[in-house]
Amino acid sequence: MHVGVGSGNPVKVAAVKSALDGRFDARVESVDVESGVAEQPFGEPETIAGAENRARRVVESGNGYELGVGLEGGVAEVPGTDGLYLIMWAAVTDGETTGRGAGPRLRLPESVTRRIRDGEELGPVMDDVLGEDDVAKKQGAAGALTDGIIDRQEALESAVAGALAPFVTDFY
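Here's a quick rundown of the structure.

What counts and what doesn't
- Here the residue index of a chain counts from 1 through its sequence in written order.
- Thresholds applied to this predicted model are a pLDDT of at least 70 for local features of residues and 80 or more for the giving and counting of side-chain atom pairs; totals over whole chains, interfaces and linings are not thresholded and use all residues.
- Each side-chain value is derived from all of the structure's non-hydrogen atoms; neither hydrogens nor water enter the calculation.
- Angles shown run from 0 to 180 degrees and are taken between the N-to-C directions of axes, each axis being a line fitted to C-alpha atoms and, for helices, limited to the stretch in contact.
- Secondary structure elements are taken from DSSP: a helix is a run of H or I of four residues or more, a strand is a run of E of two residues or more, and numbering for both begins at the N terminus.
- Oblique is the label for any angle not under 35 degrees, not over 145, and not in the 65 to 115 range, which are roughly parallel, roughly antiparallel and roughly perpendicular in turn.
- Handedness of a crossing is defined here by the sense of rotation of the near helix relative to the far one, left-handed for an anticlockwise turn of less than a right angle and right-handed for a clockwise turn.
- The contact criterion used is simple: two residues touch if any of their non-hydrogen atoms lie within 4.5 Å.
- Ten residue types, Ala, Val, Leu, Ile, Met, Phe, Trp, Tyr, Cys and Pro, are classed as nonpolar, four, Asp, Glu, Lys and Arg, as charged, and the remainder, Gly among them, as polar.
- Whether a residue is buried, partly exposed or exposed follows from its accessible area with a 1.4 Å probe, protein chains only, as a fraction of its type maximum: under 20%, in between, or over 50%, in that order.
- Two N or O atoms form a polar contact when they lie within 3.5 Å of each other; inside protein one atom must be a possible hydrogen donor and the other a possible acceptor, and for residues adjacent in sequence the pair counts only when both atoms belong to side chains.
- Between Lys or Arg on one side and Asp or Glu on the other, a salt bridge is scored when a side-chain nitrogen of the former is within 4 Å of a carboxyl oxygen of the latter.
- Think of a 1 Å grid over just the protein atoms. A cavity is a set of points where a 1.4 Å probe fits yet cannot get out, a pocket is an open set with protein on both sides within 12 Å along at least five of seven lines, and lining residues have an atom within 4 Å of a point.
- Grid points are joined across faces, edges and corners, and a volume is the space filled by probe spheres set on the points.

Topic: the packing of helix α3 (residues 110-117) against helix α4 (residues 122-130)
Piece 1. Two elements in contact, α3 and α4, have axes separated by 10 Å at closest approach and are oriented at 140°. Relative to α4, α3 is oriented oblique. Classified by chirality, the crossing of α4 by α3 is right-handed. The segment α3 lies against α4, with Val 112, Arg 115 and Ile 116 engaging Leu 122, Val 125, Met 126, Asp 128 and Val 129.
Piece 2. Of the residues contributing to the contact of α3 with α4, the split by class is six nonpolar, no polar and two charged.

Laid out in structure tokens, this is it:
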């Protein structure tokens, strides 16, 4: 099966490959598509829309992808809590059916939250806070915030697993 991941980020592609874990005899490729949402999605609806747009655009790219996968990270307020949370959503589509899944939510430190509310994006903020480059292509904020208990790939993998549910079981 030909699977396209709507991102050039190697961590996102690795998360999809790992979540598929040999299913469908999948050939997974990176596909450069636009999310159609802000560079720093804010809130669940915008983050979900970004994932869905990416997945749909992969299938519509005309390159013969049988499944399109979109992954989008964002920040959101979570009712009943304080601060902002790192969120991540995945969407998988074959053009007719769309599955959606979410990764873990991680509360962002107040110093990071302040900067995001002032208009900065999480990736560059985390690069600055950690004194590293391209954190989003490595451990991600998830890895930094949990001291490696879960890294970005594992967090995204769980979102992809949820989004694959309609394609791997008969429950949907």
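Observations concerning the side chain of Thr 93
Piece 1. Relative to the assigned elements, Thr 93 resides in strand β4 (residues 85-93).
Piece 2. On the basis of relative accessible area, Thr 93 is assigned to the buried category, the value being 6%.
Piece 3. Only 3.0 Å separates the side chain of Thr 93 from the backbone nitrogen of Gly 95, close enough to count as a polar contact.
Piece 4. Here Thr 97 takes part through its backbone oxygen, which lies 2.9 Å from a polar atom of the side chain of Thr 93.
Piece 5. Setting aside residues no more than four positions away along its own chain, Thr 93 makes contact with Ala 55, Arg 56, Val 59, Glu 66, Leu 67, Gly 68, Thr 98 and Phe 167.

Some points on the pattern of salt bridges
Piece 1. As enumerated under the stated definition, the model contains eight salt bridges in all.
Piece 2. The salt bridge involving Glu 44 is made with Arg 105; its shortest N-O contact spans 2.7 Å. Residue Glu 44 is found in helix α2 (residues 44-59), and its partner Arg 105 is found in the loop between β5 (98-102) and β6 (106-107); the two are separated by 61 residues along the sequence.
Piece 3. We note a salt bridge from Arg 115 to Asp 128, for which the minimum N-O separation is 2.7 Å. Residue Arg 115 is located in helix α3, and its partner Asp 128 is located in helix α4; the two are separated by 13 residues in the primary sequence.
Piece 4. In this structure, a network of salt bridges that share partners links the residues Arg 115, Glu 120 and Asp 128.

Some remarks on the layout of surface pockets
Piece 1. Estimated volume of the largest pocket: approximately 790 Å³.
Piece 2. Looking at the largest pocket, it is lined by 36 residues, and the ones nearest its centre are Asn 9, Lys 12, Glu 39, Ala 136 and Arg 152.
Piece 3. Of all the elements in the fold, those that place two or more residues in the lining of the largest pocket are β3 (67-76), β4, α4, α5 (140-145) and α6 (152-168).
Piece 4. Of the residues forming the lining of the largest pocket, the biggest block, five residues, is contributed by α4.
Piece 5. Counted by class, the lining of the largest pocket contains 15 nonpolar, 10 polar and 11 charged residues.

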